[in-house]
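If you want the building blocks of each chain, they are given just below.
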Amino acid sequence: MSEAAKTQSQNDVAIQIIGMHKWYGEFHVLKDINLTVDRGERIVVCGPSGSGKSTMIRCINRLEEHQQGQIIVDGIELTNDVKKIDEIRREVGMVFQHFNLFPHLTVLENCTLAPIWVRKTPKAEAEATAMKFLERVKIPEQALKYPGQLSGGQQQRVAIARSLCMNPRIMLFDEPTSALDPEMISEVLDTMISLAEEGMTMICVTHEMGFAKTVADRVIFMDAGEIIEQAPPTEFFENPQSERTQLFLSQILHNA
Amino acid sequence: MSEAAKTQSQNDVAIQIIGMHKWYGEFHVLKDINLTVDRGERIVVCGPSGSGKSTMIRCINRLEEHQQGQIIVDGIELTNDVKKIDEIRREVGMVFQHFNLFPHLTVLENCTLAPIWVRKTPKAEAEATAMKFLERVKIPEQALKYPGQLSGGQQQRVAIARSLCMNPRIMLFDEPTSALDPEMISEVLDTMISLAEEGMTMICVTHEMGFAKTVADRVIFMDAGEIIEQAPPTEFFENPQSERTQLFLSQILHNA
Amino acid sequence: MAIVKTERHEDLPPPVSQTGVIGWMRENLFSSPLNALLTVVSIYVIYWALSGIISYAFINANFVGETREDCTGSGACWVFIKARFGQIMYGFYPVEERWRVDVGYVLAAIGLFFVLSDVVKNKKWPALYLFVFVPVACFFLFSGGYFGLEVVETSQWGGLFLTLVLASVSIFVSLPLGIVLALGRRSSMPIVRMLCVGFIEFVRGVPLITVLFMASVMLPLFLPEGMNFDKLIRALVGMSLFSAAYMAEVVRGGLQAIPKGQMEAAKSLGLGYWQAMGLIILPQALKISIPSIVNTFIGLFKDTTLVLIIGLLDLLSIVKAGTTDKEWVGMATEGYVFVAAVFWVFCFGMSRYSIWLENKLHTGHKR
Amino acid sequence: MTTDVQGSASSDSMLRDPRVRAIFYQILVIVLIVLFVAYVGHNTAINLEKRGIASGFNFLSQPSGFGIGIVLLMDYSSQTSTHLDVLIIGIINTLAVSLSGIFLATIIGFIFGVLRLSKNWVVNKIAAVYIEVIRNIPLLVQLMFWYFAVLSVLPLVGDSIRFGESFFINNRGVNFPAIIPSNGFWVIPVTLLVAIVLSIIIGKWARRRQDLTGQPFPVFLTSLALIIILPVIATLVMGSPFTMSYPEFGRFSITGGWSLEPEFLALLLGLSIYTGAFIAEIVRSGINSVSHGQTEAAHSLGVRPGMTMRLVILPQALRVIVPPLTSQYLNLTKNSSLATAIGYADITAIFAGTSLNQTGQAIEVIFITMLFYLVISLLISMFMNWYNKRIALVER
Amino acid sequence: ATLDDVKAKGFIQCGVTTGLAGFAAPNNDGQWEGFDVDFCRAMAAAIFADPGKVKYTPTTAKERFTALQSGEIDVLARNTTWTFSRDVNLGFEFVGVNYYDGQGFMVKKALGVKSALELDGARVCVQSGTTTELNLADYFTANGMKYDSVVFDTADEVREAYLKDTCDVYTTDQSGLYAQRSVIADPEAHIVLPEVISKEPLGPLVRHGDNQWGDIARWTLNAMIEGEELNISSANVDDLKANTKNPSIQRILGVNGDLGQQLGLSNDWAYNIIKMVGNYGESFARNLGEGTALNIARGLNAQWNKGGILYSPPLR
Ligand SMILES: Nc1ncnc2c1ncn2[C@@H]1O[C@H](COP(=O)(O)OP(=O)(O)OP(=O)(O)O)[C@@H](O)[C@H]1O
Ligand SMILES: Nc1ncnc2c1ncn2[C@@H]1O[C@H](COP(=O)(O)OP(=O)(O)OP(=O)(O)O)[C@@H](O)[C@H]1O
Ligand SMILES: [Mg+2]
Ligand SMILES: [Mg+2]
């Protein structure tokens, strides 16, 4: 199977994960993960808490190390080679649940830090790009403020802009809205939807079913470290196959 | 106007606020507040964040000092006189957003502390009363646990029981459910509804519209330190007069 | 076209390279070339230091004998410590009365055990015992004059005994004083606050030596004629005031960590300032500052060596005095090593305790 | 703010007004303090009078009459110099050891703090052992140990460890050649100054260049090269406008050249190793206090670990580190007063020691000494608070 | 008055050194012993007829004067040099000289130094706050020599530093040098240079202004000296008291006259001193003299009629 996968993973494949396993000490978090994400595909990952969703997407830009199997991003396989890791990280943007903005830098500096120091972009150019993306997320007027002075929704949008400034080809989102107050969720979702519409490759861990239905090409359901079910959103929500998925959906929908 | 108000404020009036102003430093938080609450009346206060709702009810039991105007609680005017403040605080129970239980004392001790030290009730009697109220909020079995061992909803109910143990005639609630997980909100609202049904005078800052509709006699809408609109709940929700109120309600209902 | 997995994968053990000795070494010692180099260098340093220490302190050292002539090895001469052990532990406390000190130790140890450990949940009685009974009992035991006990002048106290007395009395006095100062510093009355701030900052700004010196030689000038204190008491006053200033800052940290809501809740229940403080705020504030209090205690314990400056013979000075004995001249290194070891055992014990406590309190919060 | 005090307040309720009470208590406190001070002052005056102790600061202008081992930046002679000179020398010596101690302790502390966080188990444990051992032993014992046990293990003067012809280490300290300026010497410091200014300019230029082109420039190395090379060239061009005074073996010890006294070395070592252990813990907890998410965010942007530390972690850790670091600096300064035990001529040893003893003016001397330490403490605190404010985070 | 205070509290508080062999040091049982200590014991014998009624305060060179000024101690018997400024300026009263000393130098034999004039450029260890420091400065300046001083708080530290070869020279009063040399492991490797660079009359002192107390101290010392001159010793004092016909001896021992009462003491005060503590010579021999580890010759401290300058005013 990995043979077949490899030949396919040339140009139109953004991310390919083949038979990947990961352990935390003795604990088997991810079990035999196989996943192929095409360029421009938008994937939503959901599943109960602790099922390994975050761990999986953190493996993709090597914030966590996997111990078995392969992860190939943009044609480059992730190994211990620092150079390759850097290359991949430059191509893959990530947005965290708790934003993780740099509190000692202004919004603009947050956005220009990586372009200046990693890509060696001239400052003026980096700032112009940053302003472009800040406009894109609709907060250009906040550029000179510090993150501590912004609301949660604004912070998360800055985090998205910061990632975009590196011109990534792939974006990973780890529950980007779950730390936000209800009023602010929609601001962030709107930004993400507009990104999706431009054809960015996205993997998004989220429980926002509305978002999944609107933009996702595929929904992936994980449980206990395994991918249990993959399906287009309509099929997934209306006609879940696995029992585990059905149970999960019934809980989620009940709460909403 | 204060003349007319004063004569009225004899027996059937629980709280009367006349032309009250408050400043934080240079910042004018509360502007010319006038409010009369009758005995047994149940009032819900709502309004956007920062509009001064909390500040207003905290003035009523002198957790904050007002700088101009009068506040008369149960016929006693709030001045700097420590005795009067103590007297009023004994009559007015308060439930906070973050419960503020005493973490180093058991639930039972939390409830008996004030009766024993303030009212000088014998310990056995205080404990009997406390158990009565803990039963009332449906958690007598938790009496010997520490607050840290309870869920948020249970903690808030303990906070309510703790206030009730002082036999207050008036209860103030400052967003009692907004720090709770969704499942727990209803536990606390149920307790509050049953209190309301017994005729307790209540002022409750909350955005739970369901609660407002069920029990409130009057809804008060505040914005930027002023009371903008007062009306019975049905009228308030269905036919808000002020533009500001309409805007606010549209946001709230949209999110829910 | 859903892809569904029906077979559940079982939990596998991690690959060998991840676990066991090899995994551990790979992870912790040789994760990169630089790390590997560091490891090798460090291991060499450790080997070099350890072998030196062991051969000095054990292999080439002398343990048996009575006089310096028995020291034949090239290492340490522990015979010196052995010969002077009584004095090092008790100072000039009369030999036949030393049991009193031991009894005091035992009384205090019992109290400490019950207060500090988790054996009993309700700390009220152990605390009462430790903070009221033990000090009173020890006072009578140590100084005598009652119950048919012979009087032992404080000038005869010395060695580790004196060190422990100095440290425990000053912590005992400085804690309540520190609480008062901390409350004063947070007071809304500007003058009270200024006084407390002034005192705290003054004391924290000057060296303990000068404070001791002042307490020792200048205090009598401040007192009316004929009024005089024991030298030990003056040292205690100096050290207590000094540590009270530090304690005040620790307690203030604890007070600041208590959310404002606690005070508000207490007030809204009708409790007065002192009731709220005593019943609600202080119990919590003190509990969370215990680790820092222990740290202050460690500092204080180490600082007791400074009483040497004013002529009290604590553990360090008594050992030094021993090396002036012409029988034992040149034993300074052994002396310092021994003193260092004793202090280290005490302080390290305390610091471990404070870490243990910190962890315990930490998990306590997370139910 | 308008305060609406009710006009009809009876005197009874006046007493229950917390503000009235507060004023009353404060007046009471002031009265008590004044009484206490007066009482102590009265006693002191009587005692001084009775014991015939003269007070006043005249003694400061009397000749001191004793020798001082370590004199920096001053001419001192036991015959003509006064107790005021002694005070100044004491202050200079205290500052010398404190400032170099602060410098050294900071370096030691940061190194071990970072080592303590190392993923390498052995390195980590070595740092832990250093910290735990040093922190739990009284400084006085350590100073004695350094002075009497360690430095004395160094060879005698005759068997000095030599580096080249004129650099010696022995139990009398460290000796090295001194530079004695002759005609035209001024050129060298001037070129040094020029080099420093140039380095700053280069730094600015590099910054701008990076802003413009994105290309970084090795500023540190260039500056270092400049600062070394320019003065060397100047020296060669001017034909060495100075003479060297080389340490030589005299009858008793080494004469000539410059030397670091063993007392100074022991005190400096003891203080900085002791304080370094505390600083290491502070640094460790400071770095730990920056949430791991910050590192992850930087990594996910492709920023390398070293750069992450410099651009993201340290700037944030510093604001946690600085306040406790301040108190360590203060402690170090105050602890330098232990110098008296190992013969270093700091203010406590020579002024609050010998001068006090020769003049007998305890109150004045102790007063001046305490004042000095207070002023130093306040200055250090002020500086650090200013710095801390500068790096503070802007919050909502 | 001090005497009343002392009587009321029942003991004398006596300031001594923190430890100087032969002059004051705690023995193995923790009892203070030494030449200075004997003076304190003699005062207690005179006042209480019990030499044990003394409490000792070990003082460092730094704090000794403040301790006396502040009243912490009643009398300071701590090899303190009698100087003008101390007597006049500091407000003390020296009650006599119990030991004529002079400052000297000790060096290691290996250095081959024979005279203090060869010490140019040496590092000198001294104890802080002593006249030693002043004399040292004067001597080197006078002879146009340079030196480095290293100053320590206690004699132990000075000796330790000297032994560790941190300095070349150890300077203090010659008695102290001998005392220190005696506790060195290898005394033969060190020599005390012949130069005596200062007059160091050491004596006990009290505060200004209480003449009665000063008199008691002064005449306690004189009684010990006079005792030796009259050959009264602890061994024969009972015998002499009962049988002597010598009026001087009768006067001093209280058989005749009321010297004691004039001092405010009982008439057998001097008898008690000699009986319980011994005369000057006995004390010297016991603590410092030949046969002790210090092995100091009487030298200047011999009686005036035996070649020394020890001379007590007559007790009459
Ligand atoms: N550093 C770690 N060490 C050990 N176990 C870990 C670590 N990080 C996560 N885990 C465990 O791995 C499992 C998967 O964690 P992960 O964060 O990927 O779950 P998740 O699906 O993202 O859950 P959530 O919805 O709560 O974010 C959990 O059981 C978690 O406890
Ligand atoms: N101690 C204070 N000092 C200065 N300003 C304050 C203080 N407390 C509150 N404020 C300000 O007063 C205003 C009213 O605050 P208040 O807490 O009463 O609002 P609220 O209506 O309860 O809002 P929320 O719904 O967020 O609880 C806010 O703008 C707030 O920033
Ligand atoms: Mg997750
Ligand atoms: Mg509020």
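Residues numbered from 1 in each chain as written. Chains lettered and ligands numbered in written order. Predicted model: local features only at pLDDT ≥ 70, side-chain atom pairs only at ≥ 80, totals over all residues. Heavy atoms only, no water.

1. A look at the state of the cysteines
Residues and elements named next belong to chain E. Under the definition given, this model contains two disulfides over all chains. Covalent S-S linkage joins Cys14 and Cys40, the inter-sulfur distance amounting to 1.8 Å. Residue Cys14 is found in strand β1 (residues 12-17), and its partner Cys40 is found in helix α2 (residues 35-48); the two are separated by 26 residues along the sequence. We classify Cys14 as buried; its relative accessible area is 0%. Classification of Cys40 by relative accessible area gives buried; the value is 1%. The disulfide partner of Cys125 is Cys167, and the S-S distance across this bridge is 1.6 Å. The sign of the S-S torsion, about -85 degrees, decides the handedness of the disulfide formed by Cys125 and Cys167: left-handed. With Cys125 in strand β9 (residues 122-127) and Cys167 in the loop between α6 (155-163) and β11 (169-173), this pair connects stretches of sequence that are 42 residues apart. (Disulfide = S-S within 2.5 Å. Helix = DSSP H or I, 4+ residues; strand = E, 2+ residues; numbered from the N terminus. Buried < 20%, exposed > 50% of the residue type's maximum accessible area, 1.4 Å probe, protein only.)

2. Observations regarding the site of ligand 2
Residues and elements named next belong to chain B. Neighbouring residues of ligand 2: Tyr24, Phe27, Val29, Pro48, Ser49, Gly50, Ser51, Gly52, Lys53, Ser54, Thr55 and Glu175. The separation between an oxygen atom of ligand 2 and a polar main-chain atom of Ser51 is 3.1 Å. Note that an oxygen atom of ligand 2 is positioned 2.9 Å from one of the backbone N or O atoms of Gly52. Of all elements in the fold, only β2 (27-38) and α2 (53-60) reach the threshold of two or more residues within the shell around ligand 2. With three residues, α2 is the largest single contributor of residues to the shell around ligand 2. Classifying every residue of the shell around ligand 2 gives four nonpolar, six polar and two charged. (Near = heavy atom within 4 Å. Polar contact = N/O pair within 3.5 Å; in protein donor to acceptor, adjacent residues only side chain to side chain. Nonpolar A, V, L, I, M, F, W, Y, C, P; charged D, E, K, R; others polar.)

3. Focus: the site of ligand 1
Residues and elements named next belong to chain A. Around ligand 1, the surrounding shell consists of Tyr24, Phe27, Val29, Pro48, Ser49, Gly50, Ser51, Gly52, Lys53, Ser54, Thr55 and Glu175. In this structure, Tyr24 approaches ligand 1 through a side-chain N or O atom, which is 3.3 Å from a nitrogen atom. Take Glu175: an N or O atom from its side chain is 3.1 Å from an oxygen atom of ligand 1. In isolation ligand 1 offers 630 Å² of accessible surface; the protein chains occlude 58% of this area. A per-element tally of the shell around ligand 1 places helix α2 (residues 53-60) first, with three residues. (Areas by Shrake-Rupley, 256 points an atom, 1.4 Å probe, with all protein chains shown as cover.)

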